[in-house]
Amino acid sequence: FLSDELKNKNCNPITGAIGLGLFFIHQNNTQHFESHLKEILQLLIEKSCVDEANQWIYWYSDFEREGQRLIELGGTHGMIGKIDFLLHLFEKNIAKDVTADLIRKSLGYISSFKEVKEGNYFPFDASRFGNEKNVNLAYGDIGIGHIFYRAGKVFNDQEYIYEGLEIISNAAKFRDHQEIQIKDANLLYGSAGLMSIFSKYNALHSSDELKEAYKHWKQTTLTFKRYENEWAGFDAYFNKFDIHTQASLTDGIIGIGIALMNEKCAKSDYHYLSHININ
């Protein structure tokens, strides 16, 4: 599988070479897969683009949208998924100088699109200006804020940590009382994911904004339990007729249940978020 994805130059963090690379990284004997991880890194280097104005680094997404490949800033298919993989390589002491340079230059590229105003700070992709409307764990400012915070922890860089917290604290102001964007309780696109991420950050850096966001999205998640069905009263909005979707970790009741049970624990453990690249 990896040889095929490398041949096809597919760096997708979910379905491509990086997705498999993350599997290697989470094994106990990562050193056994180091040569494969370096192959993936080399492909990332080959596919990187340079912003001539300031030498920042960026990548086009390997995921086509309406026949186009975009420079997705906050999507798990795009920039943050690639940066997350590079952070894992750095933590595993694999080509640390190279990975650190790529991480800092790509974070610089994302940061150059930040526009502080009401709503999200970043566009969905680098060719579209204006606020990104999606607010969930798959797309938007939350993923961008988290990757800055994670880079700050890995590099022991307080500026990155502050930047990440500021972006996430702003995202904590989001509400969707009309259910225009948050249409169900699922972990990846829905309210349980928002409950989890704001709970996680409130546990790390308690604030009124984060606490209120966590409480709001917890109540919203419970409110979505409104159906008479075999899925514990919840119903997936996307692909609802697929039994695997309804039961899944990312889109269904397994993820919702784990998130709600975690909030009942005396000491919460957010490790389940690592399955959607929130480490």
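Anyway, here's the lowdown on the structure attached to this text. Treat the numbers as computed from the prediction; the structure is a model and nothing was measured. (Residues numbered from 1 in each chain as written. Predicted model: local features only at pLDDT ≥ 70, side-chain atom pairs only at ≥ 80, totals over all residues. Heavy atoms only, no water.)

**Examining helix 3 (residues 34-47)**
Counted only if it meets this: The way it works is that DSSP assigns letters per residue, a run of H or I at least four long becomes a helix, a run of E at least two long becomes a strand, and they are numbered from the N terminus. In a helix, the anticipated span is given by 1.5 Å times the number of residues less one. Accessible area is worked out with a 1.4 Å probe on protein chains only. A residue is then buried under 20% of its type maximum, exposed over 50%, and partly exposed in between. Picture the helix axis, draw a direction to every C-beta atom, and the arc is the one those directions span. The contact definition used throughout considers only heavy atoms, calling two residues in contact when any of these lie within 4.5 Å.
Across its 14 residues, helix 3 extends 20 Å between first and last C-alpha, which sits within 8% of the 20 Å expected from 1.5 Å per residue. Looking only at helix 3, the buried set comprises Leu37, Ile40, Leu41, Leu43 and Leu44. Projected down its long axis, helix 3 carries its buried residues within an arc of 155°, all on one side. Tucked into the core, helix 3 has its buried residues touching helix 1 (2-7), helix 2 (17-25), helix 4 (79-91) and helix 5 (96-111).

**A word on unusual backbone geometry**
Even without being a glycine, lysine 9 presents a positive backbone phi close to 55°. Among the structural elements, lysine 9 can be located in the loop between helix 1 and helix 2. The exposure class assigned to lysine 9 is partly exposed, which follows from its relative accessible area of 42%. Although it is not a glycine, asparagine 239 adopts a positive phi angle of roughly 55°. Its location among the elements puts asparagine 239 in the loop between helix 9 (208-223) and helix 10 (243-247).

**A few points about the environment of glutamine 246**
Our working definition: Any pair of nitrogen or oxygen atoms within 3.5 Å is treated as a polar contact; in protein, a donor-acceptor pairing is required on top of that, and neighbouring residues in sequence qualify only through side-chain atoms on both sides.
Here glutamine 246 lies in helix 10. Glutamine 246 sits 16 residues away from glutamate 230 along the chain, and the two C-alpha atoms are 9.6 Å apart. Once residues lying within four places of it in the same chain are set aside, the contact partners of glutamine 246 are Trp231, Phe234, Asp235, Ala236, Lys240, Gly252 and Ile253. A polar contact of 2.8 Å, which involves the side chain of glutamine 246, links it to the side chain of aspartate 235.

**Things to note about the packing of helix 4 against helix 6 (residues 141-155)**
Our working definition: A fitted line through C-alpha atoms represents every axis, and for helices the fit uses only the stretch in contact; the resulting angles, taken between N-to-C directions, go from 0 to 180 degrees. Should an angle fall under 35 degrees it is called roughly parallel, over 145 degrees roughly antiparallel, and 65 to 115 degrees roughly perpendicular, with every other angle called oblique. Working rule for handedness: look at the near helix, and if it is turned counterclockwise from the far one by less than a right angle, call the crossing left-handed; if clockwise, right-handed. Only Asp, Glu, Lys and Arg are considered charged, only Ala, Val, Leu, Ile, Met, Phe, Trp, Tyr, Cys and Pro nonpolar, and every remaining residue, Gly among them, polar.
The N-to-C vectors of helix 4 and helix 6 enclose an angle of 15°; their axes lie 10 Å apart at closest approach. Regarding the angle of helix 4 to helix 6, the classification is roughly parallel. Crossing of helix 4 against helix 6: the hand is left-handed. Contact residues: helix 4 offers Ile80, Ile83, Asp84, Leu87, His88, Phe90 and Glu91, while helix 6 offers Gly143, Ile144, Ile147, Arg150, Ala151, Val154 and Phe155. Split into classes, the residues belonging to the contact of helix 4 with helix 6 amount to nine nonpolar, two polar and three charged.

**Digging into the packing of aromatic side chains**
Worth spelling out the cut-off: Two rings belonging to Phe, Tyr or Trp (six-membered ring only in the last case) form a pair when the distance between their centres is within 6.5 Å. Interplanar angles under 30 degrees mark stacking, angles over 60 mark edge-to-face geometry, and anything in between is tilted.
Here the structure, examined in full by the defined rule, presents 13 aromatic pairs. Aromatic pair phenylalanine 174 and tryptophan 217: ring centres 5.8 Å apart, planes at 15°, arrangement stacked. Highlighted residues: phenylalanine 174 in the loop between helix 7 (158-171) and helix 8 (191-204) and tryptophan 217 in helix 9, separated in sequence by 43 residues. According to the relative accessible area criterion, phenylalanine 174 is buried, its value standing at 16%. Relative accessible area serves as the criterion here: at 1%, tryptophan 217 is assigned to the buried category.

**Describing the nonpolar core**
Operational definition: Throughout, nonpolar core names a set of buried Ala, Val, Leu, Ile, Met, Phe, Trp, Tyr and Cys residues whose side chains join them through atoms within 4.5 Å.
Core analysis: the biggest nonpolar cluster contains 48 residues, and Phe85 and Ile110 have the highest contact counts within it. Counting residues per element, the ones that place at least two in this core are helix 1, helix 2, helix 3, strand 2 (56-58), helix 4, helix 5, helix 6 and helix 7. No other element matches the eight residues that helix 4 contributes to this core. Apart from residues lying up to four places away in sequence, phenylalanine 85 is in contact with Ile18, Gly21, Leu22, Ile25, Leu37, Ile40 and Leu44. Counting residues in hydrophobic clusters, the runner-up holds 37 residues, among them Ile161, Ile182, Tyr214 and Tyr270.

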